[in-house]
Amino acid sequence: MELTLETLESLINEVVDGNLKEFVFSGQEVEQLEASIRKITSEASKVLNAQGPILMGIKDMLEPVEAEPMRKVAEGEVIDIRDRFKGWRGPGKSQFSPEEEEERLALRQKYYGPEGEVPTVRPGASRKGLERGIGRMTPPEFEEASYVLKVPQEVLDDFALMVEETRRAGELFTQARDWYHTIRKLLDQETKSDRDAALLGLLIATYSPRAKFSLNLAEAAYMFKAVERDVKENPEMLKDYLETFVGAEKREPGEERGFTKANKVPNFVLNLIAPELAGKRDPDTGAMTHNDMYAWNSTIDTWMIDAFYPMLKKASTQKEFEGLKGKMMSDPVSYRYMSGLVGQEAKRLGLLPHELQAIVWVAMKRRQSGEDAATTEESIGQIKEAITNIKQINMDLDDIKGEFEENSWLGLLFDEIDSKGFEEASKFILGIKSEKGKIVTPGVRSISSRGKKGEMFKYFPELPPEPKAPKAKKPKVPKVKPEKRYEDPKYSELKTWYVMNDVIQMPTGKFNNLYDSIMLYLDPEFSTEKAIEYIEGRFDPEAKKTAAYFTEQLISEVTRRLGAYL
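In this text the structure is predicted, and so the values were computed from the model without any measurement. (Residues numbered from 1 in each chain as written. Predicted model: local features only at pLDDT ≥ 70, side-chain atom pairs only at ≥ 80, totals over all residues. Heavy atoms only, no water.)

1. Some details on the overall build of the protein chain
A count of helical and extended segments in the protein chain gives 28 helices and 6 strands. Long-range contacts, defined as pairs at least 24 residues apart, comprise 74% of the intrachain contacts of the protein chain with a sequence gap of at least 6. About 31500 Å² of surface is accessible on the protein chain, with carbon and sulfur atoms providing 52% of the total. (Helix = DSSP H or I, 4+ residues; strand = E, 2+ residues; numbered from the N terminus. Contact = heavy atoms within 4.5 Å. Areas by Shrake-Rupley, 256 points an atom, 1.4 Å probe, with all protein chains shown as cover.)

2. Here's the deal with the packing of aromatic side chains
Taken as a whole and judged by the stated rule, the model has 19 aromatic pairs. Note on Tyr-294 and Trp-296: the rings are 5.9 Å apart at their centroids and 45 degrees apart in plane angle, and the pair reads as tilted. A single burial state applies to Tyr-294 and to Trp-296, both of which are buried. One residue, Arg-195, lies across the ring of Tyr-521, its end atom 4.0 Å from the ring centre. In this arrangement the basic side chain of Lys-225 is found over the ring face of Phe-414, its NZ or CZ atom lying 5.1 Å from the centre. (Phe/Tyr/Trp six-rings, centres within 6.5 Å; stacked < 30°, edge-to-face > 60°. Buried < 20%, exposed > 50% of the residue type's maximum accessible area, 1.4 Å probe, protein only. Lys NZ or Arg CZ within 6 Å of the ring centre and 35° of its normal.)

3. Let's talk about the packing of helix α9 (residues 179-190) against helix α18 (residues 353-369)
Running from N to C, α9 and α18 cross one another at 105 degrees; their axes reach a closest spacing of 8 Å. Put simply, α9 runs roughly perpendicular to α18. When α9 is examined against α18, the residues Trp-179, Tyr-180 and His-181 are found in contact with a partner set consisting of His-354, Glu-355, Gln-357, Ala-358 and Trp-361. Residue composition of the contact of α9 with α18, by class: 4 nonpolar, 3 polar and 1 charged. (Axes fitted to C-alpha atoms, helices over the stretch in contact; angles between N-to-C directions. Parallel < 35°, antiparallel > 145°, perpendicular 65-115°, else oblique. Nonpolar A, V, L, I, M, F, W, Y, C, P; charged D, E, K, R; others polar.)

4. Considering helix α11 (residues 213-233)
Helix length check: α11, at 21 residues, gives a terminal C-alpha distance of 30 Å against a target of 30 Å (1.5 Å per residue), a fit within 8%. Buried residues dominate α11, accounting for 18 of its 21 residues. (Expected span 1.5 Å × (residues − 1).)

5. Comments concerning the environment of Glu-219
Along the chain, Glu-219 turns up in helix α11. Judged by relative accessible area, Glu-219 falls into the buried class, the value being 2%. Expressed as a C-alpha distance, the spacing of Glu-219 and Val-503, which sit 284 residues apart in the sequence, is 7.1 Å. If near-sequence neighbours (up to four positions away) are discounted, Glu-219 is found in contact with Tyr-207, Ile-429, Arg-445, Val-503, Ile-504 and Gln-505.

6. Thoughts on unusual backbone geometry
Backbone phi values are negative for most residues with the exception of glycine, while trans is the configuration of most peptide bonds. Within the chain, Arg-210 stands out as a residue other than glycine whose phi angle is a positive 60 degrees. Within the element layout of this structure, Arg-210 appears in the loop between α10 (194-206) and α11. The backbone of Phe-259 sits at a positive phi, close to 55 degrees, despite the residue not being glycine. Tracing the chain through its elements places Phe-259 in the loop between α12 (235-242) and α13 (264-273).

7. Things to note about the pattern of salt bridges
Under the definition given, this model contains 25 salt bridges. Here Glu-228 and Lys-225 are joined by a salt bridge, their closest N and O atoms 3.2 Å apart. Remark: Lys-225 and Glu-228 occur in helix α11; sequence separation between them is 3 residues, near one turn of the helix. Assessed through its relative accessible area of 7%, Glu-228 is described here as buried. (Salt bridge = Lys/Arg side-chain N within 4 Å of Asp/Glu carboxyl O.)

8. Some points on the nonpolar core
The biggest cluster of nonpolar side chains holds 139 residues, and the ones touching the most others in it are Ile-204, Tyr-222, Phe-308, Tyr-309 and Leu-312. Among the elements that make up this core, the one with the highest residue count is α11 (12 residues). Excluding anything up to four places from it in sequence, Leu-312 contacts Tyr-111, Tyr-112, Val-118, Leu-149, Phe-321, Leu-324 and Met-328. (Core = buried A, V, L, I, M, F, W, Y, C linked by side-chain atoms within 4.5 Å.)

9. Here's the deal with a positive patch on the surface
There is a patch of like positive charges on the surface, built from Lys-319, Lys-468, Lys-471 and Lys-474. On the secondary structure map, Lys-319 appears in helix α16 (residues 318-330). Given a relative accessible area of 68%, Lys-319 falls into the exposed group. (Patch = residues over 30% accessible without salt bridge, like charges linked within 9 Å, V, L, I, M, F, W, Y side chains within 5 Å. Lys, Arg positive; Asp, Glu negative; His and termini not counted. Charge placed at Lys NZ, Arg CZ, Asp CG, Glu CD.)

10. Remarks on the side chain of Glu-416
Inspection of the secondary structure puts Glu-416 in helix α21 (residues 409-420). Judged by its relative accessible area of 9%, Glu-416 is buried. The residues touching Glu-416, leaving out its near neighbours within four places in the chain, are Lys-391, Gly-421, Ala-425 and Phe-428.

11. Here we look at helix α7 (residues 153-167)
For α7, built from 15 residues, the straight-helix expectation of 21 Å at 1.5 Å per residue is met to within 8% by its first-to-last C-alpha distance of 22 Å. Turning to α7, its buried residues are Val-155, Leu-156, Asp-158, Phe-159, Met-162, Val-163 and Thr-166. End-on, the buried residues of α7 take up no more than an arc of 155 degrees, which puts them together on one face. (Arc of directions from axis to C-beta.)

12. Re the side chain of Asp-306
Position of Asp-306 among the secondary structure elements: in helix α14 (residues 302-308). A polar contact of 3.2 Å, which involves the side chain of Asp-306, links it to the side chain of Lys-325. In contact with Asp-306, other than residues within four places in its own chain, are Lys-313, Phe-321, Lys-325 and Met-364. (Polar contact = N/O pair within 3.5 Å; in protein donor to acceptor, adjacent residues only side chain to side chain.)

13. Topic: the environment of Leu-514
Looking at where Leu-514 falls in the secondary structure, it is placed in helix α26 (residues 511-521). The class of Leu-514 is buried, set by a relative accessible area of 1%. In this structure, the C-alpha to C-alpha distance between Leu-514 and Ala-205, residues 309 residues apart in sequence, is 9.7 Å. Once you skip the residues sitting within four places of it in the chain, Leu-514 turns out to touch Leu-203, Thr-206, Tyr-207, Met-223, Phe-245 and Met-500.

What follows is the structure in structure tokens.
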């Protein structure tokens with residue numbers, strides 16, 4: 001048979017047998033392929049003693065593809081995705097090279113495609129029911145069932161690099177690895193009992209959302225002292241005050257309502273108050289014993305999602321990625337998948353789950369800020385700075401240093417509250433203002449808000465808004481502001497009332513967690529063990545539907561149906 005181009009093509013088609021795969025290459029990848037082909041053909045021509053130019057390169061072989069299909073926006077109007085980049089680079093400046101822009105377009109097509117959304121972030125299958133309980137499935141099982149957006153292997157390999165990055169940074173590795181253990185030791189050191197330490201851990205988790213850790217620690221410390229004082233001196237008024245919290249009017253007094261409908265805060269509580277749940281490290285030999293039952297117990301926050309899905313972030317606008325992160329944080333399937341991956345990789349790297357999570361968290365902050373950020377030393381340093389600022393008004397710096405040598409920052413805060421009262425001690429958080437209201441001596445709140453802001457890289461450019469038909473304007477109806485019953489001055493003799501209204505920066509959204517923390521602490525037999533039992537009771541690992549995962553939701557539904565029946 002004569003070997004012609006037609007017969008060669010026919011033979012190739014028979015071998016391939018229709019199992020062709022399509023690949024999309026960025027400009028940078030094409031250049032790399034070209035370079036590789038040049039090396040191969042150069043060596044081949046030497047071996048074969050061939051002469052003459054190479055007539056065909058990789059660009060001639062590849063079929064050009066659109067980075068993202070054109071998208072119909074309105075009747076008769078089509079927009080090319082490349083048009084979305086116009087004006088994004090800024091006047092006279094290009095933030096990205098053509099290769100980088102092409103990479104982002106390819107990523108955009110990969111994750112969003114013609115549908116315009118990432119379909120597997122909140123899988124419909126998880127609402128219909130899984131084959132096994134959400135808390136019993138392994139990361140590979142989640143992936144094989146297509147219930148989650150799979151984390152690429154190169155991302156998991158990057159976790160090992162993060163561990164090495166912190167190892168090379170002196171004491172940063174140990175500080176990051178022991179982050180939760182350090183906090184638990186501090187709780188034990190500065191409180192009078194395990195009951196008190198457990199409450200302080202619950203309060204740190206309560207005030208963690210949307211707060212720098214230094215402010216988070218300081219606010220929790222003040223609320224702890226307030227609750228401790230009110231439970232001893234005025235428990236009945238404190239119970240009444242709890243019923244003024246937003247949402248209490250929809251529930252029965254004493255009904256559990258906190259640490260549910262979300263995953264991060266309950267996991268954070270367990271990491272803080274019981275960092276040895278997932279395993280222990282021998283203090284002498286360093287040998288570890290893993291408890292696989294708690295391999296999921298690591299805190300997945302927005303920084304961890306950034307670490308898991310960097311390419312998705314590059315393909316998304318800021319609004320899109322923030323929305324996706326919100327879904328992942330609230331979806332038990334996605335959350336259990338990511339925390340399961342942390343447990344899986346921690347064992348591979350010779351760490352406990354919460355230790356690896358803390359290292360990745362610190363490494364991500366460090367990569368962005370270029371500093372040794374996010375360690376307990378950094379956060380405690382901000383609190384010490386605030387204490388020094390205020391104390392310098394009446395004390396010498398040497399005397400202040402002496403106080404820090406004798407006491408921890410937490411001990412100094414507690415001593416200040418006990419000796420001078422809450423209002424005077426609150427200056428450590430709020431700072432001191434001038435008569436015109438300007439802060440002249442910064443406290444923790446001001447200090448924690450300083451520092452580098454921004455992202456490691458820019459998001460995908462914002463998409464132009466979809467054209468909408470004009471709507472008839474409705475007359476504006478003034479909104480009735482909800483009554484803030486927790487501000488009622490009749491409870492002003494409570495220290496909890498003062499801290500809630502004058503010290504805490506953002507009490508909204510944290511009422512339920514605070515409610516349950518105080519109610520648990522009102523029991524004289526409350527302890528770390530009871531706190532663990534309570535937190536674990538807030539979700540059901542055997543649930544096969546996301547709607548049934550948080551037991552509080554199930555109880556509420558039963559109550560609602562029973563009420564309708566009666």
